[in-house]
Every structure is written in structure tokens, then in C-alpha cells.
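# An overview of the molecular structure
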Amino acid sequence: KAESQILNRIWGIIQIVSEDESFIPKFQVDIEKLMEPLLPYLDGNAPFEDDLILYVGSVTKIAKSVSEFCWNVVKAFPKMFEASKLTFGPLFTSLNQVIIYGKDALNRDPDSVKVFINMGIQGLNPTHKKAVQSDVCEAALLLQLLIQYIQAISPQDMEAMIVACLQKLNNAPKGYDKAK
């Protein structure tokens, strides 16, 4: 238990540093080099994954770019998404930053774009028993961000996104109405 408390405090320090413009990007490379040994453990169940997800979002926003280390963490996002039963939780904010500040790299990587699209489509129908409407909204917002920022979306993937959204709309509860 004491070891867990120590690790939580250390992650707290890393999170504070990752949100401070006087440290990032100045010490980002050094911090990430020290965290590299964690990458092989990102399987959707590692106890520090939420901390790394938050780190990616924070440093990407401050640096206005996605580092190689952060891209490696992002590659594990689908496993984390599946482990959370198709809900985004802390992934959403980090994905948002990665799409905005990594759009040039994503436009050169259609495979990653397809992974993000699939996450968005799957997120429209979360399997977590405690999923709420905001979880579905995050999935729809992810798809919207992709459409807004990524030109490398294939016509087939664009069609799949539109069809998934229309199916979700057609399955909306009775009495559903646009906000007034």
C-alpha cells in the first residue's frame, strides 16, 4: 500500500510538470526517455495508463506537437479503449489534442486514421454497463474532429462514419428532440 501511495505521488509530480509551460517542452525529451520502459506494458490493464493518457494530452497541448514517445502511447489507445468497454474516459481529451496537433502526421498515416475512425464508430455503441450519453457524445465528437482535421479519410471510411452516425440517429429513443 505504501508503494502504491509513493507511485501515485510520483505520477502527481509528472502530471504537474506536464501541465507547466516552464517545463514542457524544455524537459519533455528527458522525461519521456525515463518513461520509455513503461511502453511495453501498455495493454489496457496497466495501473499507470490513465496517467500516461493525461500526460499525452497535456504535453501535446503545450508543445503543440506530438512527440515520438506520445505517438507510441497513442498506439496503445485502442487496447485501452477496448479495456474500458468502448468508452473514452480520459482518452477523449488526449485524442482531441493528438488529432489537432498531430494532423499532419495523421494525414500521412491512413492506418492510424482508420484506427481512430473505428474507435469513434465503436464508441457510438459502448458496451460498458455504466456507459452514459456523454460517452456516445464523445464518440460522435471524435468522428467530427476527424472530419474537420484529417483530409486522409478514404471515401469508404467517410461513408462508414456517416452510416454509423445515421444508424445511431435512427435508433435514438422515442421523444428524442433537438435542443431547443
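This text gives an overview of the structure that appears in the document. (Residues numbered from 1 in each chain as written. Predicted model: local features only at pLDDT ≥ 70, side-chain atom pairs only at ≥ 80, totals over all residues. Heavy atoms only, no water.)

Moving on: the overall build of the protein. Helix and strand counts for the protein come out as 10 helices and 0 strands. Along the protein, helices and strands appear, N-terminal first, in the series α-α-α-α-α-α-α-α-α-α. By the compact-globule yardstick of 16 Å for 180 residues, the protein fits well, its C-alpha radius of gyration being 17 Å. Across its three principal directions, the C-alpha atoms of the protein cover 50 × 40 × 35 Å. Of all 180 residues assigned to the protein, the portion counted as buried reaches 38%. Contacts in the protein between residues far apart in sequence, at least 24 positions, make up 67% of those at least 6 positions apart. Of the side chains in the protein, 18 bear a positive and 21 a negative charge, and the two mean positions are spaced by 7 Å. (Helix = DSSP H or I, 4+ residues; strand = E, 2+ residues; numbered from the N terminus. Rg over C-alpha atoms; globule rule 2.2 N^0.38 Å. Buried < 20%, exposed > 50% of the residue type's maximum accessible area, 1.4 Å probe, protein only. Contact = heavy atoms within 4.5 Å. Lys, Arg positive; Asp, Glu negative; His and termini not counted. Charge placed at Lys NZ, Arg CZ, Asp CG, Glu CD.)

Look at helix 8 (residues 110-123) against helix 9 (residues 133-149): their axes get within 8 Å of each other, and the N-to-C directions meet at 150°. The orientation of helix 8 with respect to helix 9, classified from their angle, is roughly antiparallel. Judged by the twist between their axes, the crossing of helix 8 over helix 9 is left-handed. Seen from helix 8, the contacting residues are Phe116, Ile117, Met119, Gly120, Ile121 and Gly123; seen from helix 9, they are Asp135, Val136, Ala139, Leu142, Leu143 and Leu146. Residues that form the contact of helix 8 with helix 9 fall into these classes: 9 nonpolar, 2 polar and 1 charged. (Axes fitted to C-alpha atoms, helices over the stretch in contact; angles between N-to-C directions. Parallel < 35°, antiparallel > 145°, perpendicular 65-115°, else oblique. Left-handed = near helix turned anticlockwise from the far one by under 90°. Nonpolar A, V, L, I, M, F, W, Y, C, P; charged D, E, K, R; others polar.)

With respect to the helices and strands, Glu138 occurs in helix 9. Taking the C-alpha atoms as reference points, Glu138 and Gly120, 18 residues apart in sequence, are found 8.1 Å from one another. Setting aside chain neighbours within four positions, we find Glu138 in contact with Phe88, Gly89 and Phe92.

A few words now on the nonpolar core. Phe77, Phe88, Phe116 and Leu146 are the most contacted members of the largest nonpolar core, which totals 48 residues. Apart from residues no more than four positions distant in its own chain, Phe116 is found in contact with Val74, Leu95, Val98, Ile99, Leu106, Leu142 and Leu146. (Core = buried A, V, L, I, M, F, W, Y, C linked by side-chain atoms within 4.5 Å.)

Here Glu32 lies in helix 2 (residues 28-35). This buried residue, Glu32, is left without a salt bridge; Lys33 holds the nearest opposite charge, at 9.4 Å. Residue contacts for Glu32: discarding those within four places in its chain leaves Tyr55, Val59, Ser67, Phe69 and Cys70. (Salt bridge = Lys/Arg side-chain N within 4 Å of Asp/Glu carboxyl O.)

All right, on to the packing of aromatic side chains then. Counted under the stated rule, the structure contains 4 aromatic pairs. Geometrically, the ring pair formed by Trp11 and Phe48 is stacked, given 6.2 Å between the ring centres and 15° between the ring planes. Taken together, the positions of Trp11 in helix 1 (residues 2-18) and Phe48 in the loop between helix 2 and helix 3 (49-63) put the pair 37 residues apart, joining distant regions of the chain. Of the two residues, Trp11 and Phe48, neither departs from the other in class, the shared state being buried. (Phe/Tyr/Trp six-rings, centres within 6.5 Å; stacked < 30°, edge-to-face > 60°.)

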